[in-house]
Amino acid sequence: MVNELLDYSKMKHGDITLYKSTLDLKAVIDSVIGIHSFLLGEKSILLVNNVASDFPPVHADGNRLIQILHNLVDNAIKFTEQGEINISARVTHEWVEVRVADSGIGIAPDMQKRIFMAFEQVDEAEIHSHGGTGLGLSITKKLVELHGGSIRVDSVAGKGSVFIFTLPRWDQTSNQVTGPIVEKTLPYREVFFPRQEYPIYIKGKINEPILVVDDDFANLQSMINLFRLEGYSIVVVNRGQLALDELAKNSDFFLVVLDITMPDISGYEVLQKIRERFTPFELPVLMLTAKNRVSDMKMSMDNGANDYVGKPFEAEELMARVKSLTRLRASVKKAKDTEIAFLRSQIKPHFLYNALNSIAALCVEEPEQAEELTLELSQYLRSSFDFKQLDSLTSLESELELVKAYINIEKVRFGTRLQVEYDITANTDSRIPPLILQPLVENAIRHGLMSNLRGGKVTISVKESDPSVVSFVVEDDGCGMSEHKLEEMMKSDVDKRGVGLWNISQRIKLLYGKNIRIQSVEGKGTRVSFDIPKQHMKRIGG
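Note that the structure is predicted; figures quoted are calculated from it, not measured. (Residues numbered from 1 in each chain as written. Predicted model: local features only at pLDDT ≥ 70, side-chain atom pairs only at ≥ 80, totals over all residues. Heavy atoms only, no water.)

1. A few points about the sheet that holds strand β18 (residues 469–476)
Convention followed: The rule for pairing is simple: two strands pair if DSSP sees at least two bridges between them. Every helix listed is a DSSP run of H or I at least four residues long, and every strand listed is a run of E at least two residues long, numbered separately from the N terminus. Orientation is described by axes fitted as lines to C-alpha atoms, over the contacting stretch for helices, and by angles from 0 to 180 degrees between their N-to-C directions.
The five strands lie next to each other as β15-β17-β18-β20-β19, forming an open sheet whose pairing is mixed. At either end of the open sheet lies a strand with only one pairing partner, and these are β15 (418–424) and β19 (517–521). Strand-to-strand twist of the sheet, defined as the mean angle between neighbouring strand axes without regard to direction, takes the value 10°. Note that strand β17 (residues 456–466) and β18 share eight bridges and pair antiparallel. Bridge pairing in β18 links E464 to V470.

Structure follows, in structure tokens:
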């Protein structure tokens, strides 16, 4: 309400400036429909864009055109319980006529001229049932007229309404001004990137890559130059699905700068998908919203955004918020790196004590076996410390060497009670996260087999289930787990259980967007499995 009053006040005093450019009308309408489709809730309304893909471009301020369409579609949804809202357009000489038609309650003839006046609504009852200030259509009329166009309504009470407004068509033969001309001196050489295929990859000095998602070419151009000035590495896309594709390939981003309005899927939907995989601390999201649209800001924060910036944005404000959120991500990364110590706690004092006792006992009677066991322990310790950070990668061969070293040490202790079967057909040069297989094997031996006096067998399988996926399975025929115990094992307080199933599950989910699968039957054994897509071996930003 306050923002509508501010907009109205600015228009009344002539303080609104338009920044016109060439706009793809169909794409703009798609983006607006995408947002409102997401917000429809329980209403059974179909939103339809009937503008052809080859429709001529219009010459307008992108953010203000979105505001016009938002107001008209929002108004149509308010007064339509079910049915269809249809947006179409046609060319009339140098103008484009846009029609927003609904199947709602309609407007009485005596109200059709008054609704464009400030603080007017259909009637008093509608004010209470649908809310609003009565400024939306008045602001819409002013914005249309600022573009040189006009707006009117055709309606029959009880049968629906059609709002018709006009915009100037883009004339390629004329020198149409694309916004206020401001003489400025930049502290860097501004680079113009011609329209091209996306994604665009730009390497910077700062190893904190940012994913920029916006379908407005002018906005992208501004952000590219700003981020280049600050030295950030960026990946630029102009569609929501492209953003999800990039996140599926790479989990290294420090920040996503995400516009709400895009032609394919809305920013809200992209945000929801991001939050299914990453927490706000693991991957911050900065939303680009329409200036002064509180509903956009609230919806963004409710769906998991860390912060927002209104468009058109001020460079200083945008960069201040970007730096704040990349610092947040950097601090989380640092905390994750300290988890190295946690992973290394796998080498527990009692395990070393038992291993060294076994070596000491063998030194007198079987010195050769003692020497072999010492080498195995050395290999185990060396492999356990052979990585620098939690999300670095090791080879499958190195992880298997760690697994075998651990198993050979345990075999000396448990003898024939411990049996192990390997089924490894995957390429051992494949890159995988470190300490992701060995803890599962240790868990199977310690909690699955050795809790039984008879012992048992552990089967370790690593296969390429198809050309793009490596599948891991660790299975034992030990004591198994009840559903309650399995729930306890998957809790985050894993400090009492070594690396733990929860920790490994979280790492796989964070890196690959996948979950581990656990099947267990009490008294019969446990099977833990997970898949790693092979295409996820390429890393960005480092």
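So, next bit.
2. Focus: unusual backbone geometry
Here is the rule: Any residue under 20% of the maximum accessible area for its type is buried, any over 50% is exposed, and the rest in between are partly exposed; the area is computed with a 1.4 Å probe on protein chains only.
For the bond running from Y198 to P199, omega is 5°, close enough to zero to count as cis. The phi dihedral of H93 is positive, around 60°, even though this residue is not glycine. Considering the arrangement of structural elements, one finds H93 in the loop between β4 (82–92) and β5 (95–102). For H93, a relative accessible area of 71% translates into the label exposed.

3. Some points on the nonpolar core
One broad rule of soluble globular proteins: the nonpolar side chains tend to lie buried together. Keep this limit in mind: For the purposes of this section, nonpolar cores are sets of buried Ala, Val, Leu, Ile, Met, Phe, Trp, Tyr and Cys residues that join through side-chain atoms within 4.5 Å. By the convention used here, residues are in contact when the closest approach between their heavy atoms is within 4.5 Å.
Grouped together as the largest cluster of nonpolar side chains are 39 residues, with contacts concentrated most on L25, V58, L65, L72, I115, F163 and F165. Broken down by element, this core gets its largest block of residues, eight residues, from helix α3 (residues 62–78). Contacts of V58, omitting those with residues within four sequence positions, involve S21, T22, L23, L25, L65, V96, L167, P168, R169 and W170. One finds Y406, L440, I504 and I508 within the second-largest nonpolar core, a separate group that totals 38 residues.

4. Section: the pattern of salt bridges
The test is simple: By salt bridge we mean one thing: a side-chain nitrogen of Lys or Arg within 4 Å of a carboxyl oxygen of Asp or Glu.
Summed over all chains, the structure comprises 14 salt bridges. We note a salt bridge from K463 to D423, for which the minimum N-O separation is 3.0 Å. Of this pair, K463 sits in strand β17 while D423 sits in strand β15, placing them 40 residues apart in sequence. Where E475 meets R527, a salt bridge forms, and the shortest distance between an N and an O atom there is 3.7 Å. Of this pair, E475 sits in strand β18 while R527 sits in strand β20 (residues 525–533); the two residues are 52 residues apart in sequence, bridging distant segments of the chain. Assessed through its relative accessible area of 35%, E475 is described here as partly exposed.

5. Some remarks on the environment of Y201
Spelled out, the test is: Polar contact is defined as a pair of N or O atoms within 3.5 Å, subject to the rule that within protein one atom must be able to donate a hydrogen and the other to accept it, and that residues adjacent in sequence are counted only when both atoms are side-chain atoms.
Looking at the element boundaries, Y201 is found in strand β8 (residues 200–202). Given the relative accessible area of 45%, Y201 is considered partly exposed. In sequence terms Y201 and L211 are 10 residues apart; their C-alpha atoms lie 9.6 Å from each other. In this structure, Y201 is in contact with I234, V235, E246 and K249, ignoring residues within four places of it in sequence. In this structure the side chain of Y201 is engaged in a polar contact, spanning 2.9 Å, whose partner is the side chain of E246.

6. Here's the deal with the packing of α3 against helix α5 (residues 136–146)
For clarity, the cut-off: Here a crossing is called left-handed whenever its near helix is offset anticlockwise from the far helix by less than a right angle, and right-handed whenever the offset is clockwise.
In the contact formed by α3 and α5, the axes pass within 10 Å of each other and the chain directions differ by 145°. In the packing of α3 onto α5, the handedness of the crossing is left-handed. On the side of α3, the interface is formed by R64, Q67, I68, N71, L72 and N75, while α5 contributes G136, L137, I139, T140, L143 and V144.

7. Focus: the packing of helix α2 (residues 25–39) against α3
Applied cut-off: Roughly parallel means an angle under 35 degrees; roughly antiparallel means over 145; roughly perpendicular covers 65 to 115; every other angle is labelled oblique.
At a closest axis distance of 10 Å, the pairing of α2 and α3 adopts a crossing angle of 45°. What the angle tells us is that α2 and α3 run oblique. Note that α2 runs across α3; the crossing there is right-handed. Each of L25, V28, I29, V32, I35 and H36 in α2 lies in contact with α3, whose residues at this interface are L65, I66, L69, H70, V73, D74 and I77.

8. A closer look at helix α14 (residues 396–414)
Put simply, the test is: The span expected for a helix works out to 1.5 Å for each residue beyond the first.
Along its 19 residues, α14 runs 26 Å from first to last C-alpha, staying within 8% of the 27 Å computed at 1.5 Å per residue. Taken residue by residue, α14 has L396, E399, L400, L402, V403, A405, Y406, I407, I409, E410 and F414 as its buried positions. Looking one or two residues beyond α14, the residue adopting positive phi is G415, at roughly 60°.

9. Details of the UniProt feature "modified residue: 4-aspartylphosphate" (unreviewed entry) in the protein chain
Heads up, the condition is: UniProt positions are given in the numbering used here, feature names are shortened, and annotations may be inferred rather than shown by experiment.
According to UniProt, the positions carrying the feature "modified residue: 4-aspartylphosphate" (unreviewed entry) are D259. Note that D259 resides in strand β11 (residues 255–259). By relative accessible area, D259 is classed as buried at 1%.

10. Topic: the packing of aromatic side chains
We count it as follows: Geometry of aromatic contacts follows a simple scheme: Phe, Tyr and Trp rings, the Trp one being its six-membered ring, pair when their centres are within 6.5 Å, and the pair is stacked under 30 degrees between planes, edge-to-face over 60, tilted otherwise. Geometrically, a charge over a ring is one whose NZ (Lys) or CZ (Arg) sits within 6 Å of the ring centre while staying within 35 degrees of the ring normal.
Across all of its chains, the model carries three aromatic pairs by this definition. Taking 6.0 Å as the distance between ring centres and 85° as the angle between the ring planes, the aromatic pair formed by F116 and F163 counts as edge-to-face. Separated by 47 residues along the polypeptide, F116 in the loop between β5 and α4 (124–130) and F163 in strand β7 (residues 160–168) bring together distant segments of the chain. Comparing F116 with F163, the two get one shared label, buried. Seen from their ring centres, F227 and Y232 are 6.2 Å apart, and the 85° between their planes marks the pair as edge-to-face. Its relative accessible area of 0% is what places F227 among the buried residues. Across from the ring centre of Y422, 5.4 Å away, lies the NZ or CZ of K404, which sits over that ring.

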